[in-house]
Amino acid sequence: TRSLTITSVDQSMFEKAQGEKVTLPCTFELSEEDEGPLDIEWVLIPADNQKREQIIIMYAVDRIYNHYYAAMTGRMQFTNLDPKSGDGSLDILNLKAADTGTYQCKVKKAPGVQSKKIQLTVLVKPARTKCSIEGSQEIGKDVTLKCVSQEGSPLLSYDWRRVSGTQELPATSMLNRNTGELLLKNASREYSGTYNCVASNRVGTDECSVELNVTPPVNTAGIITGAIIGTLLGLSVLCSLIFCCCKKHREKKYEKEVHHDIREDVPPPKSRSSTARSYIGSNRSSLGSMSPSNMEGYTKTPYSQVPSEDFERAPPQNPTFAPSKVAAPNLSRMGAVPVMIPAQSKDGSIV
């Protein structure tokens, strides 16, 4: 018995880039014997056999149902707005890497049933490719140019080319297309220039560039000597600063100690004039207790012990009495200040 037939059997595998659009074909022909209602289903078959098939869109009883698969909501639709005309193809917009999988188109119209599987692979183009240089850029050294794409589906392939000078890679270069490394052995000044790396896969390419500048070796000995001299100079300056700071600190500390030693509660030292007055006053007291009998011994006291400062003479208590007959020594010869010697009256009082 002749029944419906799926006619789109040409292509069963598709490779597309992320962000692009794909049309999965599913055209069919009905027969006169197929009298039941027409149903068209698109099913996603998971790679894990333990998981169930997931209906993503369906046409039944002249209606379209596309709310079964949330991951593709708003990104899928039937190619023909009237699938019963014989075209049940599916459009998927803005492809994502997660859309990779096996899709099956099922067409049912009793008693006929037909299906077709299509493999879809969504690839990510190379993106955010970065170039770098590893190693010393000196004459005679080995230099490695590196190229890595941060995004991109495998298998990625890398290719280096020179875009300045002879535009040919040096004869000593070694390229690894899988890792993106270009080794330049025994580099010379002629290797200097701009190098370009192209990362590619089956759906796209991305590029980056790097500038190589091969220079003569650096004078390491001179750098070390300069560093040592600079360090010593720095240490000497630092020591000088520390010494000056310590010296200034000691001076401040000394001034502070001297300032605290001068206490306000200690009376100032007596002047020499006051000392002389005190000395004379004490001698007067001693003379007052002397009698005429011991005056002779007193007069023999050396006047050199009396301070030489001037002092005020005490006025006589009774000017009516005559001075004593006791002769005072020659004070001018002794260099001492003349002192008035009190005399004793008849009643024994001292004047």
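Residues numbered from 1 in each chain as written. Predicted model: local features only at pLDDT ≥ 70, side-chain atom pairs only at ≥ 80, totals over all residues. Heavy atoms only, no water.

As recorded in an unreviewed UniProt entry, the protein chain goes by the name CXAR protein, listed as coming from Rhagologus leucostigma.

## A closer look at the pattern of salt bridges
Overall, the coordinates contain 10 salt bridges when judged by the stated rule. Residue E151 is joined to R128 by a salt bridge in which the shortest nitrogen-to-oxygen separation is 3.6 Å. Here R128 lies in strand 12 (residues 127-134) and E151 lies in strand 13 (residues 143-151), a separation of 23 residues in the sequence. Taking the relative accessible area as the measure of exposure, E151 reaches 34% and is therefore partly exposed. By relative accessible area, R128 is classed as exposed at 53%. (Salt bridge = Lys/Arg side-chain N within 4 Å of Asp/Glu carboxyl O. Helix = DSSP H or I, 4+ residues; strand = E, 2+ residues; numbered from the N terminus. Buried < 20%, exposed > 50% of the residue type's maximum accessible area, 1.4 Å probe, protein only.)

## Regarding the sheet that holds strand 3 (residues 22-24)
As summarised here, the arrangement of the 3 strands in space is 3-9-8, forming an open sheet in which the pairing is antiparallel. Two strands close off the open sheet at either side, each with one partner strand: strand 3 and strand 8 (76-78). Neighbour to neighbour, the strand axes of the sheet diverge by 25° on average, direction disregarded. In this structure, strand 3 lies alongside strand 9 (residues 90-92), joined through 3 bridges in antiparallel fashion. (Pairing = 2+ DSSP bridges. Axes fitted to C-alpha atoms, helices over the stretch in contact; angles between N-to-C directions.)

## Description of the environment of L4
In this fold, L4 is placed in the segment before strand 1 (5-6). Residue L4 is classed as buried on the basis of its relative accessible area of 1%. For the pair L4 and V107, spaced 103 residues apart in sequence, the C-alpha separation works out to 8.3 Å.

## As for the confidence of the model for the protein chain
Taken residue by residue, the protein chain gives an average pLDDT of 79. The fraction at 70 or more is 71%. When pLDDT is averaged over each helix and strand of the protein chain, the minimum, 44, is found for helix 4 (residues 331-334) and the maximum, 97, for strand 9. Confidence drops under a pLDDT of 50 for residues 331-337, and excluding neighbours within four residues, the segment shows 12 contacts in the predicted structure. (pLDDT = per-residue confidence, 0-100. Contact = heavy atoms within 4.5 Å.)

## Thoughts on the state of the cysteines
Under the counting rule described, the total for this entry stands at 3 disulfides. The disulfide partner of C147 is C197, and the S-S distance across this bridge is 2.1 Å. Judged by the sign of its S-S torsion, about -90°, the bond between C147 and C197 is left-handed. Residue C147 is found in strand 13, and its partner C197 is found in strand 17 (residues 193-201); the two are separated by 50 residues along the sequence. Each member of the pair C147 and C197 is classed as buried. Looking at the protein chain, its bonded cysteines, counted consecutively from the start of the sequence, adopt the pairing 1-2, 3-6, 4-5. We note that C244 lacks a disulfide partner, and the nearest cysteine sulfur, in C245, lies 6.9 Å from it. (Disulfide = S-S within 2.5 Å.)

## Focus on unusual backbone geometry
Note the cis peptide between A110 and P111, where omega equals 5°. Position of P111 among the secondary structure elements: in the loop between strand 10 (101-109) and strand 11 (112-123). One non-glycine residue with positive phi stands out, namely V61, at about 55°. Relative to the helices and strands, V61 is located in the loop between strand 6 (54-60) and strand 7 (63-65). In this structure V61 comes out as exposed when scored by relative accessible area, which is 63%. Phi is positive for N94, close to 45°, though the residue is something other than glycine. For N94, the position within the fold is in the loop between strand 9 and strand 10. Under the relative-accessibility criterion, N94 is labelled partly exposed at 43%.

## Side note on the nonpolar core
Core analysis: the biggest nonpolar cluster contains 26 residues, and L24, W42, I56, I92, Y103, V107 and L120 have the highest contact counts within it. Of all the elements in the fold, those that place two or more residues in this core are strand 3, strand 5 (38-45), strand 6, strand 8, strand 9, strand 10 and strand 11. Among the nonpolar cores identified, the runner-up in size contains 18 residues, and L184, C197, C208 and V210 belong to it. (Core = buried A, V, L, I, M, F, W, Y, C linked by side-chain atoms within 4.5 Å.)

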